[in-house]
Amino acid sequence: MSGLFNVIRAELFKAKRKRRTYILAGLLWVVLPILILIVGRILQTNLSGSFVEDTVGVQTLVQQVASPFAVARLNLILPVLSSPPFLMIVIALFAALLVGEERNQNMWKTTLVTQPNRWSVLFGKIAVGMILYGIILAGAFLSGILFGAVGTLFLDTTFAGEWGHLAGLYALQWVLGIGAMMFAFLAIWLLRNVAMGIVTVLFLPTLIEGLYTLYRTTVGFQPLNRFNALFQMLRLRQTLEDLPRYFFTRNLYAPARDPLSDVVIGLGGDPASSDLGSLVNALGGNITLQHATLVTIGYALALGGVLIWSFLKRDIQ
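Predicted model, so just to flag it, every value in this text is computed and none were measured. (Residues numbered from 1 in each chain as written. Predicted model: local features only at pLDDT ≥ 70, side-chain atom pairs only at ≥ 80, totals over all residues. Heavy atoms only, no water.)

## Side note on the overall build of the protein chain
Right, on to step 1. When helices and strands are counted, the protein chain shows 16 helices and zero strands.
Right, on to step 2. Counting every position in the protein chain, which comprises 317 residues, the buried fraction comes to 47%.
Right, on to step 3. Expressed as a percentage of contacts within the protein chain between residues at least 6 apart in sequence, the contacts between residues at least 24 apart total 80%.
Right, on to step 4. Approximately 16,100 Å² of the protein chain is accessible, and the part contributed by carbon and sulfur atoms is 66%. (Helix = DSSP H or I, 4+ residues; strand = E, 2+ residues; numbered from the N terminus. Buried < 20%, exposed > 50% of the residue type's maximum accessible area, 1.4 Å probe, protein only. Contact = heavy atoms within 4.5 Å. Areas by Shrake-Rupley, 256 points an atom, 1.4 Å probe, with all protein chains shown as cover.)

So this is what it looks like as structure tokens:
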């Protein structure tokens, strides 16, 4: 165990001195909340006395966007709605720091001589990756509260909200991050190239899911032909049609997307309406948090198993 703690301490020491750690934290902890408060101020100033007050109400609208609870909630939602998702960028950069830089600086041999137990090295690095990821998420939650509290000084907002549920979503999003962390570690480790590994982490899941969606939209499984008759016979057709429920990203970001329906309802919208456009896919459909947790843990076990096997068996140059 001492070897594991030594790896964790050394990797945390290294991470503290990397600018990327502070840049990522600053974007999520400072820049995003400030932008949210600016939007809230604009809404309160420009919509007062307008037709909007006949439907939603400006105070309700500002409360849903810029209250302390809303800022903390948006700090969780918005980072997964970008393309590529900001949370995946965070994980990819931390994985590049913990795995990729050892190869770029030809330090693997030195690391394994200093700490010859490969189990300790690997799990120490994974633990540090999750610690850093947890700090980023916890900071986003706390900064949302802090900046939202400042916003109450010049906005018509209160501290009302389901704080316990929101804190639970943050915690669950951190837990599910182990799947993304395993994927990022594995990609950078196997490709032996930091740039290619980061690109793979950010775009491969989306590319695979996009190709499947394109096929299903343009070809699909109708009508019955010689090709898909085989799937019918093997009773695989329904499984293939339900495949999006098991997509990596759709399940990975389920906790962050869960409050999005509440935001839409709070703003006077209907989560089931087709008028929402691309937000319909972001709402996650009929995926429950329990389903997302089980699927993501399955991905983590599969990817982690390959990573452990490769790290323990491969000869490191």
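## Regarding the pattern of salt bridges
Right, on to step 1. Inspection of the entire model under this criterion finds two salt bridges.
Right, on to step 2. A salt bridge links Glu11 to Lys125; its shortest N-O distance comes to 2.8 Å. Residue Glu11 is located in helix α1 (residues 2–16), and its partner Lys125 is located in helix α7 (residues 118–151); the two are separated by 114 residues in the primary sequence.
Right, on to step 3. Here the residues in one salt-bridge network are Glu11, Lys14 and Lys125, joined through shared partners. (Salt bridge = Lys/Arg side-chain N within 4 Å of Asp/Glu carboxyl O.)

## Here's the deal with the side chain of Asn251
Right, on to step 1. On the secondary structure map, Asn251 appears in helix α12 (residues 248–252).
Right, on to step 2. A distance of 2.9 Å separates the side chain of Asn251 from the backbone oxygen of Arg245, its partner in a polar contact.
Right, on to step 3. Setting aside anything within four residues of it in sequence, one finds Asn251 in contact with Leu176, Arg245, Tyr246, Ile287, His291, Ala292, Val295 and Thr296. (Polar contact = N/O pair within 3.5 Å; in protein donor to acceptor, adjacent residues only side chain to side chain.)

## Description of the packing of aromatic side chains
Right, on to step 1. Inspection of every chain in the model, using the stated rule, returns eight aromatic pairs.
Right, on to step 2. Centroid distance Trp189 to Phe311: 4.9 Å. Interplanar angle 50°. Geometry classified as tilted. On the criterion of sequence distance, the pair formed by Trp189 in helix α8 (residues 163–191) and Phe311 in helix α16 (residues 289–313) is long-range, its members being 122 residues apart. Taken individually, Trp189 and Phe311 each receive the classification buried, so the pair is uniform in this respect. (Phe/Tyr/Trp six-rings, centres within 6.5 Å; stacked < 30°, edge-to-face > 60°.)

## Notes on α7
Right, on to step 1. In this model α7 runs 49 Å from its N-terminal to its C-terminal C-alpha over 34 residues, within 8% of the 50 Å that 1.5 Å per residue would give.
Right, on to step 2. Where α7 starts, the residue carrying a side-chain oxygen 2.9 Å from the main-chain nitrogen of Trp119 turns out to be Asn117. (Expected span 1.5 Å × (residues − 1).)

## Focus on the nonpolar core
Right, on to step 1. Judged by nonpolar contacts, the single largest core of 74 residues is most densely connected at Met88, Tyr133, Phe185 and Leu307.
Right, on to step 2. It is α8 that contributes the most residues to this core, 15 residues altogether.
Right, on to step 3. Excluding residues within four positions of it along the chain, Met88 makes contact with Ala180, Val201, Leu202, Phe248, Leu252 and Tyr253. (Core = buried A, V, L, I, M, F, W, Y, C linked by side-chain atoms within 4.5 Å.)

## A short note on the environment of Val39
Right, on to step 1. With respect to the helices, strands and loops of the structure, Val39 is situated in helix α2 (residues 19–47).
Right, on to step 2. Val39 sits in the partly exposed class, given a relative accessible area of 42%.
Right, on to step 3. Each C-alpha atom of the pair Val39 and Ala66 lies 7.8 Å from the other, and the pair is 27 residues apart in sequence.

## Side note on a nonpolar patch on the surface
Right, on to step 1. Residues Ile23, Leu27, Val30, Val31, Ile34, Leu35, Ile38 and Ile42 make up a contiguous nonpolar surface patch of about 650 Å² in total accessible area.
Right, on to step 2. Mapped onto the elements, Ile42 comes out in helix α2.
Right, on to step 3. Overall, the relative accessible area of 45% leaves Ile42 in the partly exposed class. (Patch = residues over 30% accessible without salt bridge, like charges linked within 9 Å, V, L, I, M, F, W, Y side chains within 5 Å.)

## Points about unusual backbone geometry
Right, on to step 1. With omega at -5°, the peptide bond leading from Ser83 into Pro84 counts as cis.
Right, on to step 2. Along the chain, Pro84 falls in the loop between α4 (68–77) and α5 (86–104).
Right, on to step 3. In this structure, Arg192 is a non-glycine residue whose phi angle is positive, near 60°.
Right, on to step 4. As for its position among the elements, Arg192 is in the loop between α8 and α9 (194–218).

## Comments concerning the environment of Ser83
Right, on to step 1. Along the chain, the position of Ser83 falls in the loop between α4 and α5.
Right, on to step 2. On the basis of relative accessible area, Ser83 is assigned to the exposed category, the value being 74%.
Right, on to step 3. For the pair Ser83 and Phe203, spaced 120 residues apart in sequence, the C-alpha separation works out to 9.2 Å.

Interpretation in functional terms is not warranted from these geometric data alone.
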